[in-house]
Amino acid sequence: MSQNVVPHSYFLKENVVALAKELLGKRVVTVIDGERVSGIINETEAYAGVIDKASHAYGNRRTKRTEIMYKQGGHIYVYLCYGIHSLLNIVTNRRDIPHAILIRSIVPDFGLNTMCDRRGILNLKNIANGPGKVAQALGILPQHTGLLLGEKKEHEIIWIEEGISVDDKLIEATPRIGIDYAEEDKHRPWRFVIPASEIHKKIEAHEN
DNA sequence: CTTTAGATCGTCT
DNA sequence: GACGATCTAAAGG
């Protein structure tokens, strides 16, 4: 069932922007609280560390919170935003290069019931289309910071699978969301999106 | 459909 | 002490 797992070494790649784009179409899987759920990634943002004013690690900022970003690629960084929302990031690049990719949206393809329970009943279409919703649907919390992709810890595990192929022409690149403070870096087109409808087509075609 | 306000707390200044 | 890599409900058009 879990063939085509992407090894965490995949996230050692240097180009975080290219990597964020490549993540589209891949599948995130979690087993947390004994519940397995997964979804196809359809929106990401790249955060280019030291040189990127939108990044928590801008200017080589090293604090207790950002320390995880300086580990090798493939680690999980979960940021608590507005005191309420957990945001799921994957650290990339080699040790001491604090790059990260924010997963902003997934199209659920397994464990819909569990996701609905975790989120509270809502429009199925909007169950994981936003960074806070993604983490909540997957059962991810700030305490999961430090997990390495594919490595089980206390019966909890998160990994990435190849998922589905995506047509490059469907990918839209836009400025990142919610980073007005980032001055000249706020316009960089480092957010990548595929319409959820396109993912649905692929998922259905695959099942038939 | 769009706009707006309120929730809520760890982190850094 | 201020402020977020956000979401929702409610109110208005």
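The structure presented is a predicted model; accordingly, all values stated were derived computationally and were not measured.

1. Re the protein's contact with DNA strand B
In the region of DNA strand B, the neighbouring residues are Arg-61, Thr-63, Arg-65, Leu-80, Tyr-82, Gly-83 and Ile-84. The sugar and phosphate moieties of DNA strand B supply 72% of its atoms located within 4 Å of the protein. Between DNA strand B and the protein, one listed contact pairs a base oxygen with a backbone N or O atom of Tyr-82 at 2.6 Å. For the surface near DNA strand B, the per-class residue count stands at three nonpolar, two polar and two charged.

2. Quick word on helix α3 (residues 131–138)
An α-helical turn contains 3.6 residues, so any two residues separated by three or four positions project in the same direction. The buried fraction of α3 amounts to six of the eight residues, a majority that puts the element mostly inside the structure. For α3, the complete set of buried residues consists of Pro-131, Gly-132, Val-134, Ala-135, Ala-137 and Leu-138. A positive backbone phi angle near 80° is found at Gly-139, which sits one or two residues after α3.

3. Looking at the pairing of strand β3 (residues 35–47)
Put simply, side chains in a regular strand alternate between the two faces of the sheet. With eleven of its 13 residues buried, β3 lies for the most part within the structure. Where strand β2 (residues 27–32) lies against β3, six bridges are found, and the strand directions are antiparallel. Directly across from Val-28, in β3, lies its bridge partner Gly-39. Bridge count between β3 and strand β6 (residues 99–110): nine bridges; the pairing is antiparallel.

4. Comments concerning the pattern of salt bridges
All chains considered together, the criterion is met by 17 salt bridges. Between Glu-183 and Lys-53 there is a salt bridge, with its nearest N and O atoms 2.9 Å apart. Placement of the pair is Glu-183 in the loop between β8 (172–174) and β9 (191–193) and Lys-53 in the loop between β3 and β4 (76–81), with a sequence separation of 130 residues. When the shortest N-O distance is used, the salt bridge between Asp-185 and Arg-188 registers 2.6 Å. Within the structure, one salt-bridge network assembled from shared partners comprises Arg-27, Arg-36, Asp-109 and Glu-161.

5. Things to note about the environment of Glu-22
Checked against the element boundaries, Glu-22 lands in helix α1 (residues 16–22). Classification of Glu-22 as partly exposed rests on a relative accessible area of 32%. Taking the C-alpha atoms as reference points, Glu-22 and Leu-122, separated by 100 residues in sequence, lie 30 Å from one another. Ignoring anything within four residues of it in the chain, the contact list for Glu-22 reads Tyr-10 and Lys-13. Separated by 3.1 Å, the side chains of Glu-22 and Lys-13 make a polar contact.

6. Let's talk about the pairing of strand β5 (residues 85–92)
With seven of eight residues buried, β5 is to be regarded as a mostly interior element. The hairpin turn running from β4 into β5, its antiparallel successor, is three residues long, and Tyr-82 in that turn takes a positive phi close to 55°. In the sheet, β5 pairs with β6 via four bridges, with the strands oriented antiparallel. Residue pairing in the sheet places Val-91 in a bridge with Ala-100 of β6. Turn length for the β5-β6 hairpin, with the two strands adjacent in sequence and antiparallel, is six residues, and the turn residue Asn-93 shows positive phi of about 70°.

7. Side note on the protein's contact with DNA strand C
Contacts to DNA strand C come from 21 residues, most closely from Tyr-82, His-85, Asn-89, Arg-119 and Tyr-181. Looking at DNA strand C alone, sugar and phosphate atoms form 53% of those within 4 Å of the protein. Separating a base nitrogen of DNA strand C from a backbone N or O atom of Gly-83 is a distance of 3.4 Å. A distance of 3.1 Å separates a phosphate oxygen of DNA strand C from a polar atom in the backbone of Pro-131. The set of elements that each furnish at least two residues to the surface near DNA strand C consists of β5, β6 and α3.

Definitions and limits used
Residues numbered from 1 in each chain as written. Chains lettered and ligands numbered in written order. Predicted model: local features only at pLDDT ≥ 70, side-chain atom pairs only at ≥ 80, totals over all residues. Heavy atoms only, no water. Near = heavy atom within 4 Å. Polar contact = N/O pair within 3.5 Å; in protein donor to acceptor, adjacent residues only side chain to side chain. Nonpolar A, V, L, I, M, F, W, Y, C, P; charged D, E, K, R; others polar. Buried < 20%, exposed > 50% of the residue type's maximum accessible area, 1.4 Å probe, protein only. Helix = DSSP H or I, 4+ residues; strand = E, 2+ residues; numbered from the N terminus. Pairing = 2+ DSSP bridges. Salt bridge = Lys/Arg side-chain N within 4 Å of Asp/Glu carboxyl O. Contact = heavy atoms within 4.5 Å.

That's the geometry; what it means functionally is another story.
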